[in-house]
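What follows is each chain in one-letter form.
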Amino acid sequence: MSVWLYRLGGFAYRRPWRVIGGWLAVVAAVAGLLVAYPPQLTNEMRIAGTPAQRVVDDLATRMPEASGGQGVLAFQAPKGERVDTPQRTAALLSAVDAVAKHDHVIDARDVLAREAAKADRSLLLGASAAISSSQGEQRGGPVPFVVQGEPVPGVLLSEDGSVALLQFQFDDQTHSLPSGTIEDVVQSAEHAVAGTGIEVLPGAAMAEMPELIGVGELVGIGVAALVLLVTLGSVVAAGLPLLLALTGVAVGVGGAFTLTHVIDMQSVTVVLALMLGLAVGIDYGLFVVHRARRFLAEDGLDTREAAARATGTAGSAVFFAGLTVIIALLGLAVARIPLLTTMGLVAAATVAVVVLTVLTLAPALLGLAGDRIRPRRRAAHQDGGRLAGRVADLLVRHRVVAALVAVLLPLLLALPALGMRLTLPSGASYDPSMAQRQSYETVSAAFGPGYNGPLLVAVHADDALSPGRIAAIHQRLIGVDGVASASLAGVNASGDTAILAVVTERGPDTEATKDLVLDLRERGTELAGGDGVTLGVAGVTAMSIDVSDRLAGAMPAYLATVLLLSLVILTLVFRSLLVPLQATLGFVLSVAATLGATTAVFQRGWAQGLLGLDAVTPVVSMLPIIVTGVLYGLAMDYQVFLVTSMREAHVRGADAKDAVRTGFRAASRVVAAAAVIMVSVFAGFILNPEPMVTQIGFALAFGILVDAVLIRMVFVPATMALLGDRAWRLPGWLDRVLPDLDVEGAHLEAYLAKEEREPVAVP
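1. Regarding the overall build of the chain
Then, in step 1: When helices and strands are tallied, the chain shows 26 helices and 12 strands.
Then, in step 2: Across the chain, every contact between residues at least 6 apart in sequence was considered, and the portion connecting residues at least 24 apart equals 81%.
Then, in step 3: When the accessible surface of the chain is totalled, it reaches about 30,300 Å², and 60% of it is carbon and sulfur.

2. Notes on a nonpolar patch on the surface
Then, in step 1: On the surface, Val401, Val405, Leu409, Leu412, Leu415 and Leu418 cluster together into a nonpolar patch covering about 600 Å² of accessible area.
Then, in step 2: Summarising the element assignment, leucine 409 is placed in helix 14 (residues 399-414).

3. Quick look at the pairing of strand 10 (residues 497-504)
Regular strands place side chains that alternate from one sheet face to the opposite one.
Then, in step 1: Buried residues dominate strand 10, accounting for 7 of its 8 residues.
Then, in step 2: Strand direction decides the pairing type here: strand 8 (residues 455-461) and strand 10, joined by 6 bridges, are antiparallel. Looking at strand 10, one finds that valine 459 is bridged to alanine 498.
Then, in step 3: The pairing of strand 9 (residues 483-491) with strand 10 spans 7 bridges and is classified as antiparallel. Its bridge partner being in strand 10, leucine 488 is matched across the sheet by leucine 500.

4. Brief notes about the packing of helix 9 (residues 235-258) against helix 12 (residues 338-369)
Then, in step 1: Orientation of helix 9 relative to helix 12, taken along the N-to-C sense of each, is 145°, at an axis distance of 8 Å. Along this stretch, helix 9 crosses helix 12, giving a crossing that reads as right-handed. Across the interface between the two elements, Val236, Leu240, Leu243, Leu244, Thr247, Gly248, Val249, Val251, Gly252, Val253 and Ala256 from helix 9 touch Val346, Thr350, Val353, Val354, Thr357, Val358, Leu361, Ala362, Leu365, Leu366 and Ala369 from helix 12.
Then, in step 2: Residues belonging to the contact of helix 9 with helix 12 are distributed by class as follows: 17 nonpolar, 5 polar and no charged.

5. Remarks on the pairing of strand 11 (residues 533-538)
Then, in step 1: Counting buried positions over the 6 residues of strand 11 gives 5, a clear majority of the element.
Then, in step 2: Both strand 8 and strand 11 contribute to a ladder of 6 bridges, which runs antiparallel. Looking at strand 11, one finds that leucine 456 is bridged to alanine 538.

6. Some points on the environment of tryptophan 4
Then, in step 1: Its location among the elements puts tryptophan 4 in helix 1 (residues 2-14).
Then, in step 2: For the pair tryptophan 4 and glycine 312, spaced 308 residues apart in the sequence, the C-alpha separation amounts to 7.3 Å.

7. Examining the pattern of salt bridges
Then, in step 1: With the rule as written, the count across this model stands at 15 salt bridges.
Then, in step 2: For glutamate 81, the salt bridge goes to arginine 88, with nearest N and O atoms at 2.6 Å.
Then, in step 3: Under the relative-accessibility criterion, glutamate 81 is labelled partly exposed at 36%.
Then, in step 4: Classification of arginine 88 as buried rests on a relative accessible area of 9%.
Then, in step 5: A single network of salt bridges, built from pairs that share partners, joins Asp393, Asp658 and Arg661.

8. Some thoughts on the confidence of the model for the chain
Then, in step 1: On average, residues of the chain carry a pLDDT of 84, and 90% of them reach 70 or more.
Then, in step 2: When mean pLDDT is compared element by element in the chain, helix 14 scores highest at 96, while helix 5 (residues 108-117) scores lowest at 48.
Then, in step 3: Low confidence marks residues 111-121, where pLDDT is under 50. Its contacts with residues over four positions away, or in another chain, come to 12 contacts.

9. Quick notes on the packing of aromatic side chains
Then, in step 1: As enumerated under the stated definition, the model contains 7 aromatic pairs in all.
Then, in step 2: Seen from their ring centres, phenylalanine 447 and tyrosine 451 are 5.8 Å apart, and the 50° between their planes marks the pair as tilted. Comparing phenylalanine 447 with tyrosine 451, the two get one shared label, buried.
Then, in step 3: One aromatic cluster is present, built from ring pairs that chain together Phe602, Phe698 and Phe702.

10. Looking at the environment of arginine 291
Then, in step 1: Mapped onto the fold, arginine 291 is located in helix 10 (residues 267-298).
Then, in step 2: On the basis of relative accessible area, arginine 291 is assigned to the buried category, the value being 16%.
Then, in step 3: When sequence neighbours within four positions are dropped, the list of residues in contact with arginine 291 reads Ala310, Thr313 and Ala314.

11. Here's the deal with the environment of valine 147
Then, in step 1: Within the secondary structure layout, valine 147 lies in strand 3 (residues 143-147).
Then, in step 2: Counting along the chain gives 58 residues from valine 147 to threonine 89, while the straight-line C-alpha distance between them is 8.1 Å.
Then, in step 3: For valine 147, the residues in contact, after removing those within four places along its chain, are Thr89, Leu93 and Val152.

12. Here's the deal with unusual backbone geometry
Trans is the common state for peptide bonds, and a negative phi is the common state for residues other than glycine.
Then, in step 1: At glutamine 148, a position not held by glycine, the phi torsion is positive, near 55°.
Then, in step 2: Turning to its location among the elements, glutamine 148 is positioned in the loop between strand 3 and strand 4 (150-157).
Then, in step 3: Unlike most non-glycine residues, alanine 607 shows phi in positive territory, near 60°.

13. Regarding the packing of helix 19 (residues 540-574) against helix 20 (residues 578-603)
Then, in step 1: Interhelical geometry of helix 19 versus helix 20 gives an angle of 145° and a closest axis separation of 8 Å. Where helix 19 crosses over helix 20, the two elements pack in a sense that is right-handed. For the pair formed by helix 19 and helix 20, the contact residues are Leu559, Val562, Leu563, Ser566, Leu567, Leu570, Thr571 and Phe574 on the first element and Val579, Pro580, Leu581, Ala583, Thr584, Phe587 and Val588 on the second.
Then, in step 2: Tallied by class, the residues present in the contact of helix 19 with helix 20 amount to 12 nonpolar, 3 polar and no charged.

14. Regarding the sheet that holds strand 11
Then, in step 1: Strand order in the open sheet formed by 4 strands is 9-10-8-11, and the pairing between neighbours is antiparallel. Looking along the sheet, the strands with just one partner apiece sit at the ends: strand 9 and strand 11. Shown here is a sheet whose adjacent strand axes are inclined to one another by a mean of 25°, direction ignored.
Then, in step 2: On the sheet, helix 16 (residues 467-478) packs against strand 8, strand 9, strand 10 and strand 11 and is oriented at approximately 155° with respect to strand 9.

15. A closer look at the side chain of aspartate 509
Then, in step 1: On the secondary structure map, aspartate 509 appears in the loop between strand 10 and helix 17 (511-522).
Then, in step 2: Despite being buried, aspartate 509 has no salt bridge partner; arginine 421 is the closest side chain of opposite charge, sitting 6.0 Å away.
Then, in step 3: Not counting the four nearest positions on each side in its chain, aspartate 509 is found in contact with Arg421, Thr423, Ser426, Ala428, Tyr440, Thr617 and Pro618.

16. A closer look at helix 3 (residues 51-62)
Then, in step 1: For helix 3, which comprises 12 residues, the first-to-last C-alpha distance of 17 Å matches the rise-based estimate of 16 Å (1.5 Å per residue) to within 8%.
Then, in step 2: Within the span of helix 3, buried status applies to Ala52, Gln53, Val55, Val56 and Leu59. All buried residues of helix 3 project into a common sector of 160° when viewed along the axis, lining one side.
Then, in step 3: For helix 3, the elements touching its buried residues are strand 8, strand 10, helix 17, strand 11 and helix 19.

Reading guide: rules and limits
Residues numbered from 1 in each chain as written. Predicted model: local features only at pLDDT ≥ 70, side-chain atom pairs only at ≥ 80, totals over all residues. Heavy atoms only, no water. Helix = DSSP H or I, 4+ residues; strand = E, 2+ residues; numbered from the N terminus. Contact = heavy atoms within 4.5 Å. Areas by Shrake-Rupley, 256 points an atom, 1.4 Å probe, with all protein chains shown as cover. Patch = residues over 30% accessible without salt bridge, like charges linked within 9 Å, V, L, I, M, F, W, Y side chains within 5 Å. Salt bridge = Lys/Arg side-chain N within 4 Å of Asp/Glu carboxyl O. Buried < 20%, exposed > 50% of the residue type's maximum accessible area, 1.4 Å probe, protein only. Pairing = 2+ DSSP bridges. Axes fitted to C-alpha atoms, helices over the stretch in contact; angles between N-to-C directions. Left-handed = near helix turned anticlockwise from the far one by under 90°. Nonpolar A, V, L, I, M, F, W, Y, C, P; charged D, E, K, R; others polar. pLDDT = per-residue confidence, 0-100. Phe/Tyr/Trp six-rings, centres within 6.5 Å; stacked < 30°, edge-to-face > 60°. Lys, Arg positive; Asp, Glu negative; His and termini not counted. Expected span 1.5 Å × (residues − 1). Arc of directions from axis to C-beta.

So, in structure tokens, the structure goes:
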């Protein structure tokens, strides 16, 4: 591998414009496709086979008007005032009209009119009357918004009159609506109440797609650029890794965009691919450019030979490091959840493109840069080497203490994860400056937290439902602990399916609400009253619970797969049995610490003020499995680069402890710089307005920090010193069976010594 990459690097160096022109052509082709076919992303969190999804799929056939996405708008009057004054009532009615007239909104008034025109209209009216009479005296709380003696369909008024709540449905799931639909609906409502002092607050279900690049992300890239400049000491050299990363991301993420017309692609899928593409692209580019500059400074090579050898040596490490990331991401398919499978495939493809970019475009750009990348000062590098040498000596001398500290600290950080709860983001997950959070808090205060995520209870019978049977089911539902209220939302034309909107006493992301959903499902037969009647629970809240449970259930199988892959791949790379076990243990510690810290910050609210956050909420359902896969791949990157340097010294004759010192001194500076870059890129996503992206960005930034500082820079050298020569032992039979991947470049050295010639182009 190293010899082939050496030749490839030589070819790219001598023919830079051929390589650069090829990549420019690919970028132009992707851009052209995106112009012709604009991307169509989705916010769908659909997992087929879950109880809530089965109910929604069934309703799509039996009662299509009830299977669309939910829309919620809160209309809040100025503090101390009412929303139902004559002027504001007129404005509110205009807002309801404006929303209802939108092409993709189902007008509740039209539905009622159609029901009234049907021969079986007595069923709907009779059931409503039966439910009303069975409820008796109403306790304090929201009431219908009444105008001239008639309730306005879909509008509730808070007890103090300060807030009106408009609940409506779209004709399709919100994630499938044409781009801009939700924004148009909100703007039409705002225009109708303009000048009245009423504030329009859309619910979380009406959140738009997350931004891919914002201020935070740009700041992260800026910090990465600064680290590159400090590490490489040259504007030209520092610019090369950035250019490599941006090219790889343009092709990888752009290519993913072109596929959105063929497969459903979640918006967070693209964000994850963007995160990883930028981080690994900058890091891998740094490794190759840094190695080339070392060859120039320490070995006195010319720029052509330095670029070729850097591609052959650091390029080999990049190839296998990238391969570990790709395999970890592809492993997400083990969960058999389409959402995760697509996410893994897109992210893996982006990383593959980035690796290919680095291996081909880096030597080409080095060819254009020429002597401008040659280090002009050796003092800084020597000072860094001396510092790394002193740290390595300290770790080797106090290896037992260092290893214990590197194990105990992550375990301490992991403790909060014992109480981790999983959910999909709700309005409570957003920053207080966001309308979704303001809507959540306003609705909770005015109506009750359960109105932020009502349950959809679907009742289906083998024959037509009578008003009395529907009323009886309603009566049993409101008698269940945890149910605040229930109302009839509709009956289908054949009369065999009814929908009841059930409001819970607690918020949608609480453990009490989850227990209530499970209780309703377990008691479904009892609540439905038997006689061929079934009861199912759906809605955004129920869907979140089901998705979270399915993702949590997939975690053990995925973790086992990743650990097995870790052992196999690292055994091949390092030709050792103990080093893979050490690396895998370090990875487990990193993941545990990351999940603990994420739980502490987001679920318990610790240190949120330091991060500029203010949203105490459970951990996002997808985070544990995504973080496990991504951290595995990235942690193995640092393992490969650091331990390869140690193995390289060992292969050249150094004893175990000297190999640790030599390898640490050679690789620690660039690994530390790479870690700072990754942390900066991921941390930039913490400021993203989408809660899911915020949590994933924090988890990956913190995970890389822990893995690089505690695990790779302390635990690894300390345990390598403890293991001594045993670290590199391999049974003879296994040594003969395993292929020699030559990550440390020994074959390349033998090739150069034997041939004693200039690099040749790839045939």
